[in-house]
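Chain and residue survey
Listed below are the residues making up each chain.
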Amino acid sequence: MKNLRWYQYVLFWIGIIGVFVSPWLFTRPFPFNWTFFDFSQSGQIGDTIGGITAPIVGLVSILLLWWTLREQVKFNRQQMSINDASRILTMQSQILEMDDNILYAYSTADRVHEGKGCASLRVLLKGAPSNVQIPYDMLKTLLERVHILDVSVSSLVNVTKASMISESEKKSTCSIAMVYITELLHFYNLIANGQIEYLLPIDDVGNELINQPSAKEYLEKKARLYLENLTFLKTICEDIINN
């Protein structure tokens, strides 16, 4: 009962005191011939006491039941909030691990470089730092790995939106997601707009001869699809942050 408010304590103790006092009070002869409250001649004393106390006991029981159910609802909501927070933290850890697994190699005029994480994908832009090139198969694999990270970030935002954590925690989580979304959108834009220089596979010429989509068209089509879905997710994320 430690979570009850002051008026609930008052009602509770009034009911308890009433159970013990009402049998004595209502079986006393009332002054001024107030027969409406005089139960002293109403038959056997046990029936009188039972008839008087039963409604009071019933009312106290209903109040206690209502308070218990309300506290149970509060506890369930708190437990759901804790479970949601734990799930979101787990998803954030998985996203960090996926980001660390984004590994690739690219070359410039002087040597081969290694990249790691979605934040490093900006270096693939043509002319930055100079004559950047990446093998087609490497870029294709990189696109799929980035998309897996994209899906995980999308799940994080959707779970956060439907969760019972506080609004401030939702905004904080979506702010973290926006960091990834920004980098992923930039990477998809680079591919969709042909701003990454990559070495085409040898069999790409054969695809053009038989009117099959070229390797370049395949990557750009994939990137545009991912870009469209992620742009919609960005809108959801911004709504949560700005509300």
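Description of the structure in this document. Keep in mind the model is a prediction, meaning the values are calculated, not measured.

1. Looking at the pairing of strand E1 (residues 103–107)
Residues Tyr104 and Tyr106 line the buried face of E1, whereas the alternating positions Leu103, Ala105 and Ser107 sit on a face that is not buried. In this structure, E1 lies alongside strand E2 (residues 112–116), joined through five bridges in antiparallel fashion. For Tyr106, the partnering residue across the bridge sits in E2 and is His113. Between E1 and E2, which pair antiparallel one after the other, the connecting turn spans four residues.

2. A look at helix H6 (residues 215–242)
In this model, H6 (28 residues) spans 40 Å end to end at C-alpha, consistent with the 40 Å of a helix rising 1.5 Å per residue. Those residues of H6 that sit buried are Ala215, Leu219, Glu220, Ala223, Tyr226, Leu227, Leu230, Leu233, Ile236, Cys237 and Ile240.

3. Regarding the packing of aromatic side chains
Evaluated as defined, the whole model comprises three aromatic pairs. Among the aromatic residues, ring-to-ring pairing joins Phe187, Tyr188 and Tyr226 into one connected group. If you follow Arg70 out to its NZ or CZ, it ends over the ring of Trp66, 5.0 Å from the centre.

4. Focus on the packing of helix H3 (residues 136–162) against H6
Two elements in contact, H3 and H6, have axes separated by 11 Å at closest approach and are oriented at 20 degrees. Classed by the angle they form, the pair H3 and H6 counts as roughly parallel. The two elements H3 and H6 meet at a crossing, and its hand is left-handed. Counting all contacts with H3, which are made through Tyr136, Leu139, Lys140, Leu143, Glu144, His147, Asp150, Val153, Ser154, Val157, Asn158 and Lys161, the residues of H6 involved are Ala215, Tyr218, Leu219, Lys222, Tyr226, Leu230, Leu233, Ile236, Cys237 and Ile240.

5. Considering the packing of H3 against helix H4 (residues 167–192)
Two elements in contact, H3 and H4, have axes separated by 10 Å at closest approach and are oriented at 155 degrees. With respect to H4, the axis of H3 lies roughly antiparallel. The handedness of the crossing between H3 and H4 comes out as left-handed. Here Leu139, Leu142, Leu143, Val146, His147, Leu149, Asp150, Val153, Leu156, Val157, Thr160 and Lys161 of H3 lie close against H4, whose contacting residues are Lys170, Thr173, Cys174, Ala177, Tyr180, Ile181, Leu184, Phe187, Tyr188 and Ile191. Class assignment for the residues of the contact of H3 with H4 results in 16 nonpolar, three polar and three charged.

6. Quick look at the nonpolar core
Of all hydrophobic cores here, the largest spans 46 residues; its most connected members are Leu124, Ile134, Leu139, Leu142, Phe187 and Ile196. For this core, the secondary structure elements donating two or more residues are helix H2 (45–100), E1, H3, H4 and H6. Examining the composition of this core, we find that twelve residues originate from one element, H4, more than from any other. Among all residues touching Ile196, those that are not within four sequence positions of it are Leu124, Lys126, Ile134, Leu139, Phe187, Leu190 and Ile191.

7. So, the environment of Ile196
Residue placement: Ile196 occurs in the loop between H4 and strand E4 (198–199). Considering only alpha carbons, one finds Ile196 and Val132, 64 residues apart in sequence, at a separation of 7.9 Å.

8. Regarding the environment of Glu228
Assignment of secondary structure puts Glu228 in helix H6. You can call Glu228 exposed: its relative accessible area is 57%. The spacing of Glu228 and Leu185 is 43 residues in sequence and 9.3 Å in space, taken between C-alpha atoms.

9. Looking at the pattern of salt bridges
Counting across every chain of the model gives five salt bridges. Taking the shortest distance from any N to any O, the salt bridge between Lys74 and Glu71 comes out at 3.9 Å. On the criterion of helical spacing, the pair formed by Lys74 and Glu71 is a turn pair, its members being three residues apart in helix H2. Across the pair Lys216 and Glu220 runs a salt bridge, and its minimum N-O distance is 2.5 Å. On the criterion of helical spacing, the pair formed by Lys216 and Glu220 is a turn pair, its members being four residues apart in helix H6. On the basis of relative accessible area, Lys216 is assigned to the partly exposed category, the value being 39%. In this structure Glu220 comes out as buried when scored by relative accessible area, which is 10%. Members of the salt-bridge network, linked through shared partners, are Lys216, Glu220 and Arg224.

10. Some details on the state of the cysteines
Among covalent bonds in proteins, the disulfide is the one between the sulfur atoms of two cysteines. Enumeration according to the criterion identifies zero disulfides in this entry. The cysteine Cys237 is free of any disulfide, with Cys174 supplying the nearest cysteine sulfur at 3.9 Å.

Each value, and the rule that gives it
- Residues numbered from 1 in each chain as written.
- Predicted model: local features only at pLDDT ≥ 70, side-chain atom pairs only at ≥ 80, totals over all residues.
- Heavy atoms only, no water.
- Buried < 20%, exposed > 50% of the residue type's maximum accessible area, 1.4 Å probe, protein only.
- Helix = DSSP H or I, 4+ residues; strand = E, 2+ residues; numbered from the N terminus.
- Pairing = 2+ DSSP bridges.
- Expected span 1.5 Å × (residues − 1).
- Phe/Tyr/Trp six-rings, centres within 6.5 Å; stacked < 30°, edge-to-face > 60°.
- Lys NZ or Arg CZ within 6 Å of the ring centre and 35° of its normal.
- Axes fitted to C-alpha atoms, helices over the stretch in contact; angles between N-to-C directions.
- Parallel < 35°, antiparallel > 145°, perpendicular 65-115°, else oblique.
- Left-handed = near helix turned anticlockwise from the far one by under 90°.
- Contact = heavy atoms within 4.5 Å.
- Nonpolar A, V, L, I, M, F, W, Y, C, P; charged D, E, K, R; others polar.
- Core = buried A, V, L, I, M, F, W, Y, C linked by side-chain atoms within 4.5 Å.
- Salt bridge = Lys/Arg side-chain N within 4 Å of Asp/Glu carboxyl O.
- Disulfide = S-S within 2.5 Å.

That is the geometry; function is a separate question.
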